[in-house]
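A look at the structure
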Amino acid sequence: MTEREPALSVRDLSKTFTGQRALDKVCMEVLPGEVHALVGQNGSGKSTLIKCLSGYQSPDPGGQISVAGVRVQTPLSAADAAHHGMAFVHQDLGIVQSLTVLENFCLGRGFSTGPIGNIRWRVEAQRVRRLLADFGHDIDPRVEMRRLSSSDRTIVAIVRALAALEHQPHLLVLDEPTAALPKVEVDFLFAAVRNAASRGIGIIYVSHRLEEVFLLADRVTVLRDGVRVGTFRVADLTENDLVELITGRKIGEYSPPTTWAAEKDPLIEVENLSGARLKGVSFSARRGEVVGVAGLLGSGCSELARLIFGADVRQDGTIRFKGNQVNYRIPSQAIKDGIGMISEDRRLDGYFSRLSVRENISITDLRRFWKRGRLDRGAERREIAALMREFQVHPPDPDRRMADFSGGNQQKALVAKWVRLKPDLLICDEPVVGVDIGSKVDIYRILERIAAEGATVLLMSTEFKDLAALCDRVIVLNKGRIVGELVGAHLTKECIARLAYAS
Ligand SMILES: Nc1ncnc2c1ncn2[C@@H]1O[C@H](COP(=O)(O)OP(=O)(O)OP(=O)(O)O)[C@@H](O)[C@H]1O
Ligand SMILES: [Mg+2]
């Protein structure tokens, strides 16, 4: 029996951006039917490696790429990548929000045409609906992407990539596919990935969630600063081993939150709040507290965040903030009162990809830099560079476009933006999505710190383990209602999960 060629073989792949080596002679081999995880800290080069394979970036000369034993000329085009049987789901999904699901499917693939060259929309729509149904999702192909939830958008991107594998499938690459996906949906994705692998397709799977690596992958390649640290069989590693390989340091446990001399009166009181999903939610929170809000997709966590922030319209209920009844109709009113919000999906709001970090950070607070009718750019730049170093945004260049940072570094910049405003209440809706394990701990420490300094932090998250470790107490939402509040010995990952999953 002859050995099968690797699905992908990469030799000495390098990529230099102006003055920066993002990949340094990286080698990697993916076998047919193997799920191969690719991990590393924010900015370590994962997405760059993938973009060199997909034809989005040209690698430096000298590297070699082969797919199923066939040498691929570099730089390659997107068409070359597809021709060789490589399919991709990128970190930003590669989806056009203003087009429908169907149009997104047809992008770059061409349309099925009738005898006179007309596009057969009905046929195409049926086909796409069936593909999505095979994946367990009932999504109308004629709906605009922007109307879908972020989880449905992710599913569309994945199903589209899998559909592209119909011809010559060799390699499926998923760059942080679960970053915008709630935990319950992850099972669908895993099933689809395993299914593809069982058909002999090699899979590259990028994720910061190490438990996913252990659940799904056969082997793992670790990158650090553009260099391959090594490739390992997952079965040979513990989670601690992997963390050390990724960070090059040992990560300590979180320090217990410092208690702030609590005021008697709550900073925020929510009573009987109802919206599209939420039903009669009441709770309050004091200064110095980190209060977790846990729940599955559709449980109403994000809606609660948006209702308080004035980004959604409530149907019923009252909110008192600093003792006054408030009714924000737009977020800017909430911001003025001292409320900040780090949103679940950095691609949708709160962030302008074409503007620099400096502009993104100071956009909410330019007044500070006006001096005698002129904007003091020097002061602005210095402050923001210092802030970027404090929050470990790499590289700490205030004038770099947001889009040119790695995904996790974009998220850290957004956290920096809000923390800098010193809000009294900071609402964090999935703040560590796409953030590597080292930076995740850093962000959590920052949240603890601002609470210790007297702010209230509301933390919406599906990372139950982190909630249990970080929060003073956790409110659990289930189908729009509060089904429990956990403190002390009851505040465990298992208890949160039991309440969140209860039907
Ligand atoms: N278009 C670009 N121009 C300049 N530098 C870039 C560009 N794209 C990426 N980089 C730099 O290359 C390095 C690797 O980035 P890359 O996006 O590959 O990281 P990553 O491992 O995917 O990180 P993350 O986990 O945050 O997504 C980073 O330092 C990043 O700032
Ligand atoms: Mg990336």
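Residues numbered from 1 in each chain as written. Chains lettered and ligands numbered in written order. Predicted model: local features only at pLDDT ≥ 70, side-chain atom pairs only at ≥ 80, totals over all residues. Heavy atoms only, no water.

1. Describing the pattern of salt bridges
Going through the model one piece at a time under the given rule, you end up with 25 salt bridges. Of the charged contacts in the structure, one is a salt bridge between R209 and E212, with a shortest N-O distance of 3.6 Å. This pair shows no difference in class: R209 is buried, exactly as E212 is. For E289, the salt bridge is made with R473, and the minimal N-O distance between the two is 2.9 Å. Here E289, found in the loop between β12 (281-285) and β13 (290-294), pairs with R473, found in strand β21 (residues 473-478); they are 184 residues apart in sequence, far enough to count as distant. The same class applies to E289 as to R473, namely buried. (Salt bridge = Lys/Arg side-chain N within 4 Å of Asp/Glu carboxyl O. Buried < 20%, exposed > 50% of the residue type's maximum accessible area, 1.4 Å probe, protein only. Helix = DSSP H or I, 4+ residues; strand = E, 2+ residues; numbered from the N terminus.)

2. Focus: the site of ligand 1
Taken together, 21 residues lie near ligand 1, and Q20, G43, K46, T48 and S406 sit nearest. T48 places a side-chain nitrogen or oxygen 2.6 Å from an oxygen atom of ligand 1. About the coverage of ligand 1: the protein hides 90% of its 640 Å² of free accessible area. Among the elements of the structure, β2 (20-30), α1 (46-54) and α13 (407-420) are those that each provide at least two residues to the shell around ligand 1. For the shell around ligand 1, the element with the most residues is α1, which contributes three residues. (Near = heavy atom within 4 Å. Polar contact = N/O pair within 3.5 Å; in protein donor to acceptor, adjacent residues only side chain to side chain. Areas by Shrake-Rupley, 256 points an atom, 1.4 Å probe, with all protein chains shown as cover.)

3. Regarding the nonpolar core
Where a protein is soluble and globular, its nonpolar side chains tend to be buried together. Membership of the largest hydrophobic core comes to 74 residues, with the highest contact counts inside it found for L304, I308, L425, I427 and I496. Residue-level mapping places this core at the junction of two domains, with at least three residues from each of domain 2 (255-338 + 423-503) and domain 3 (347-422). The next biggest cluster of nonpolar side chains, apart from the first, holds 51 residues, and it includes F105, V128, V193 and A196. (Core = buried A, V, L, I, M, F, W, Y, C linked by side-chain atoms within 4.5 Å. Domains from an automatic or database assignment.)

4. Section: the side chain of D152
Mapped onto the secondary structure, D152 falls in helix α5 (residues 150-163). For D152, which is buried and forms no salt bridge, the nearest opposite charge comes from R277, at a distance of 8.4 Å. Those residues within four positions of D152 in sequence are excluded, and the remaining contacts are H137 and I139. (Lys, Arg positive; Asp, Glu negative; His and termini not counted. Contact = heavy atoms within 4.5 Å.)

5. Overview of unusual backbone geometry
With an omega of -10°, the peptide bond between T74 and P75 qualifies as cis. Tracing the sequence through the fold places P75 in the loop between β5 (70-72) and α2 (78-83). Residue P395 follows H394 across a cis peptide bond; omega there is -10°. Tracing the sequence through the fold places P395 in the loop between α12 (377-390) and α13. In the Ramachandran plot, D225 falls in the positive-phi region, its phi being about 50° despite a non-glycine side chain. Structurally, the position occupied by D225 is in the loop between β9 (219-224) and β10 (227-233). A positive phi angle, close to 50°, is found at K322, a residue other than glycine. Tracing the backbone through its elements, the reader meets K322 in the loop between β14 (316-321) and β15 (324-326). With relative accessibility at 39%, the residue K322 sits in the partly exposed group.

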